[in-house]
Amino acid sequence: MPVPHLLYSTPDGEIREETRLQALAFGGKPLEARDLIPLPDGVTLSMMPDRLAVGLKKTGERQVLAANRGWAVAALLPIGYTRTLLPEYEKVPGTEPLPFFGYSAVASINGELYVAAVKTDDPHKWHPRSFPRKKLEHAVNAKLEAFPENRVVRQHAHCALDYSCPTASNLFLERWEMAIAVSPGCNARCIGCISKQEEEDLISPQDRLDFIPTVEEIVEVAVPHLESAEEAIVSFGQGCEGEPLMQWKRIERAITAMRAQTKQGVININTNGSNPRWLQRLYDAGLDTIRVSTISGHPETYTAYYRPIGYRFEDVKESLKRAHEEGLYTSINLLCFPGMIDREREIEALLNLARETGLRLIQLRNLNIDPEVLLPRMPALDSMGKALGMKAFIETLRREIPEVALGNFTRPIQRAQAQPSEL
């Protein structure tokens with residue numbers, strides 16, 4: 001089989017290959033052709049600043065490229081692809097943490113570019129090609145003109161144009177899953193939070209919402225979307241906010257008002273699932289689907305990453321159980337970090353979580369974080385058992401819980417009739 005060669009980025013940003021060196025994955029694993037797929041459409045190649053490129057000589061000796069040749073390079077995958085391996089590098093001492101991106105291992109084979117990933121969903125709804133800039137700008141301006149006082153519209157105009165957020169953009173393009181951000185506060189301190197960081201050397205890539213919208217502002221933009229958008233989803237809980245349950249009363253009133261005006265479309269919440277009682281109020285108001293964020297089905301791993309305030313992992317499980325009993329389409333947003341999520345203990349815990357809660361969908365999400373920020377804050381990897389690899393992890397899920405769908409996106413599925421309670 002052909003040998004994948006090392007890629008690196010020159011100081012000018014040019015991507016080059018070093019054919020004398022075999023590419024490596026994080027932890028020193030030599031990359032093999034079977035680990036890789038051709039670089040998919042929509043991928044971005046990223047220089048890894050202050051990280052030296054590292055490859056393997058034919059003699060088996062590890063070689064670090066000199067800094068004057070450039071830096072290590074990684075791929076940033078489009079949504080719909082799940083990374084299987086992280087890139088290897090050697091950090092320059094005393095440098096800043098990497099920006100919050102999902103770095104995937106890359107290599108060249110016969111002059112073509114490849115990445116360590118698998119396709120796990122149809123990416124067309126999230127592909128940059130589906131959001132042409134001129135069309136989006138026109139739609140944003142039209143909506144701002146139509147709703148000049150609505151702060152939800154202004155917030156998501158910022159997210160759509162400055163961060164290229166697909167769900168924010170869909171508010172203006174009037175289709176698919178549309179964002180509604182409501183909460184500047186949060187009851188977790190996630191290590192990889194993309195909107196607010198407590199540590200000085202960790203810089204969030206997005207600005208967090210700095211106001212609480214009124215029920216009227218929410219309903220004003222949500223109802224037209226529910227009534228007329230293609231595969232309409234109105235979705236609380238976005239990357240530009242904290243935890244939407246901190247505003248559960250406002251969301252409850254908004255859902256009630258929406259459902260008083262229309263029965264069409266799907267109302268979804270992306271949440272940490274921290275309070276089953278608050279979520280029950282949203283189920284009663286007419287919520288259709290729920291996506292609960294987690295990094296693990298194991299309480300130790302979960303707690304280390306989310307650092308919850310005033311709730312426990314058992315509360316998260318209870319929220320999912322109740323949602324299933326109430327007939328909601330339930331999913332988890334599983335933050336995937338190769339070498340951790342695919343370990344024996346983690347796989348077993350995830351299978352148990354899916355079975356105990358009646359889960360319908362696992363949305364795989366590449367965790368955007370510097371490995372050297374994440375790993376020291378997590379339980380020791382050795383305590384989680386052997387790493388089986390991401391492909392084996394995905395195959396195990398499909399084999400052991402075939403009733404649970406795997407993908408990357410929220411489904412536009414309206415609420416089913418509640419399950420009868422067992423006597």
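Definitions and limits used
- Residues numbered from 1 in each chain as written.
- Predicted model: local features only at pLDDT ≥ 70, side-chain atom pairs only at ≥ 80, totals over all residues.
- Heavy atoms only, no water.
- Helix = DSSP H or I, 4+ residues; strand = E, 2+ residues; numbered from the N terminus.
- Buried < 20%, exposed > 50% of the residue type's maximum accessible area, 1.4 Å probe, protein only.
- Contact = heavy atoms within 4.5 Å.
- Areas by Shrake-Rupley, 256 points an atom, 1.4 Å probe, with all protein chains shown as cover.
- Axes fitted to C-alpha atoms, helices over the stretch in contact; angles between N-to-C directions.
- Parallel < 35°, antiparallel > 145°, perpendicular 65-115°, else oblique.
- Left-handed = near helix turned anticlockwise from the far one by under 90°.
- Salt bridge = Lys/Arg side-chain N within 4 Å of Asp/Glu carboxyl O.
- Pairing = 2+ DSSP bridges.
- 1 Å grid on protein atoms, 1.4 Å probe; cavity = no way out; pocket = protein on both sides within 12 Å on 5 of 7 lines; lining within 4 Å.
- Points joined across faces, edges and corners; volume = space filled by probe spheres on them.
- Nonpolar A, V, L, I, M, F, W, Y, C, P; charged D, E, K, R; others polar.
- Phe/Tyr/Trp six-rings, centres within 6.5 Å; stacked < 30°, edge-to-face > 60°.
- Lys NZ or Arg CZ within 6 Å of the ring centre and 35° of its normal.
- Expected span 1.5 Å × (residues − 1).
- Disulfide = S-S within 2.5 Å.

S.K.: I tried to follow the overall build of the protein chain on my own but got confused; where do I start?
M.R.: Regarding its fold elements, the protein chain presents eleven helices and 22 strands. Overall, the C-alpha framework of the protein chain stretches about 70 × 55 × 40 Å when taken along its three principal axes. Counting only residues that meet the buried cut, the protein chain has 57% of its 423 residues in that class. Residue pairs in contact within the protein chain that sit at least 24 positions apart in sequence constitute 77% of those at least 6 positions apart. Here the protein chain displays about 18,300 Å² of accessible surface, and carbon together with sulfur accounts for 49% of that area.

S.K.: Please explain the packing of helix α4 (residues 215-228) against helix α5 (residues 248-261) as it appears in this structure.
M.R.: Two quantities define a packed helix pair, namely the angle between the axes and the distance from one axis to the other. α5 packs onto α4 with a crossing angle of 40° between their chain directions and a minimal axis gap of 9 Å. By the criterion of interaxial angle, the relationship of α4 to α5 is oblique. Pair α4 / α5 crosses with right-handed handedness. Contacts between α4 and α5 involve Val-215, Ile-218, Val-219, Ala-222, Val-223, Leu-226 and Glu-227 on the former and, on the latter, Arg-250, Arg-253, Ala-254, Ala-257, Met-258, Arg-259 and Gln-261.

S.K.: What is the right way to look at helix α3 (residues 166-173) in this model?
M.R.: One full turn of an α-helix is made of 3.6 residues, so residues set three or four places apart face in the same direction. Buried residues dominate α3, accounting for eight of its eight residues. For α3, the full list of buried residues reads Pro-166, Thr-167, Ala-168, Ser-169, Asn-170, Leu-171, Phe-172 and Leu-173. Here the buried face of α3 lies against α1 (133-146), α2 (151-163), β16 (175-180) and α4.

S.K.: Is there a simple way to explain the pattern of salt bridges in this structure?
M.R.: Opposite charge on two side chains permits them to pair, given that their charged atoms come into close proximity. Enumeration according to the criterion identifies 24 salt bridges in this entry. Note that Arg-62 and Glu-90 form a salt bridge whose closest N and O atoms lie 3.4 Å from each other. Linking Arg-62 in strand β8 (residues 62-64) with Glu-90 in strand β11 (residues 90-91), this pair joins segments that are 28 residues apart in sequence. Here the salt bridges do not stand alone but share partners, grouping Glu-18, Arg-20 and Arg-69 into one network.

S.K.: Would you explain the pairing of strand β2 (residues 15-25) in this entry?
M.R.: When a strand is regular, its side chains alternate between the sheet's two faces. With five bridges connecting them, strand β1 (residues 5-9) and β2 associate as antiparallel partners. If you follow His-5 over to β2, its bridge partner there is Gln-22. Taking the residues that link successive antiparallel strands as the turn, the β1-β2 hairpin has five residues, and the phi of Gly-13 there is positive, at about 90°. Strand direction decides the pairing type here: β2 and strand β7 (residues 54-56), joined by two bridges, are antiparallel. The partner of Ala-23 across the bridge, within β7, is Gly-55. Note that β2 and strand β3 (residues 29-30) share two bridges and pair antiparallel.

S.K.: What's the story with empty space enclosed by the protein in this structure? I'm lost.
M.R.: To locate leftover empty space, one rolls a probe as large as a water molecule over the atoms. For the coordinates displayed, the defined rule picks out two cavities of 30 Å³ or more. In this structure, the largest cavity encloses a volume near 80 Å³. When residues of the lining of the largest cavity are traced back to their parent elements, those giving at least two are β1, β2 and β9 (71-76). Looking at side-chain class alone, the lining of the largest cavity contains eleven nonpolar, no polar and one charged residues. One number sums up the size of the second largest cavity: a volume of about 60 Å³. Around the second largest cavity, the lining residues are His-156, Cys-159, Tyr-163, Cys-165, Thr-167, Ala-168, Ala-179, Gln-206, Gln-238, Gly-239 and Cys-240. Counting residues per element, the ones that place at least two in the lining of the second largest cavity are α2 and α3.

S.K.: Please clarify how the packing of aromatic side chains should be interpreted in this entry.
M.R.: The way to describe two aromatic rings as a pair is by their centre distance and the angle between their planes. Counted by the stated rule, this structure contains eight aromatic pairs. Grouping aromatic residues by their ring pairs yields a cluster made of Tyr-302, Tyr-305, Tyr-306, Tyr-311 and Phe-313. When the ring centre of Phe-131 is taken as reference, the NZ or CZ atom of Arg-175 above it lies at 4.8 Å. Geometry around Trp-176 places Arg-175 over its ring, the cationic atom sitting 4.0 Å from the centre.

S.K.: Which parts of the structure should I look at to understand the layout of surface pockets?
M.R.: For the second largest pocket, the calculated volume is near 400 Å³. In this structure, the second largest pocket is lined by 20 residues; those nearest its centre are Lys-29, Thr-84, Leu-85, Gly-339 and Asp-342. When residues of the lining of the second largest pocket are assigned to their parent elements, the largest contribution, three residues, is made by helix α11 (residues 390-400). Of the residues belonging to the lining of the second largest pocket, the class tally is eleven nonpolar, four polar and five charged.

S.K.: What should I look at first to understand α2 in this one?
M.R.: Helix length check: α2 (13 residues) gives 17 Å between terminal C-alpha atoms against 18 Å at 1.5 Å per residue, within 8%. Taken together, the buried positions of α2 are occupied by Val-152, Val-153, Gln-155, His-156, Ala-157, Cys-159 and Ala-160. Against α1, α3, β16 and α4 lie the buried residues of α2. Once α2 finishes, Ser-164 follows within two positions and takes phi at roughly 55°, a positive value.

S.K.: How should I be thinking about the state of the cysteines in this particular structure?
M.R.: Put plainly, a disulfide is one covalent bond tying together the sulfur atoms of two cysteines. Evaluated as defined, the whole model comprises zero disulfides. Looking at the unpaired Cys-159, the closest cysteine sulfur is the one in Cys-240, lying at 3.8 Å. Residue Cys-159 is classed as buried on the basis of its relative accessible area, which comes to 3%. With no disulfide partner, Cys-193 has as its closest neighbouring cysteine sulfur the one in Cys-190, 6.1 Å distant.

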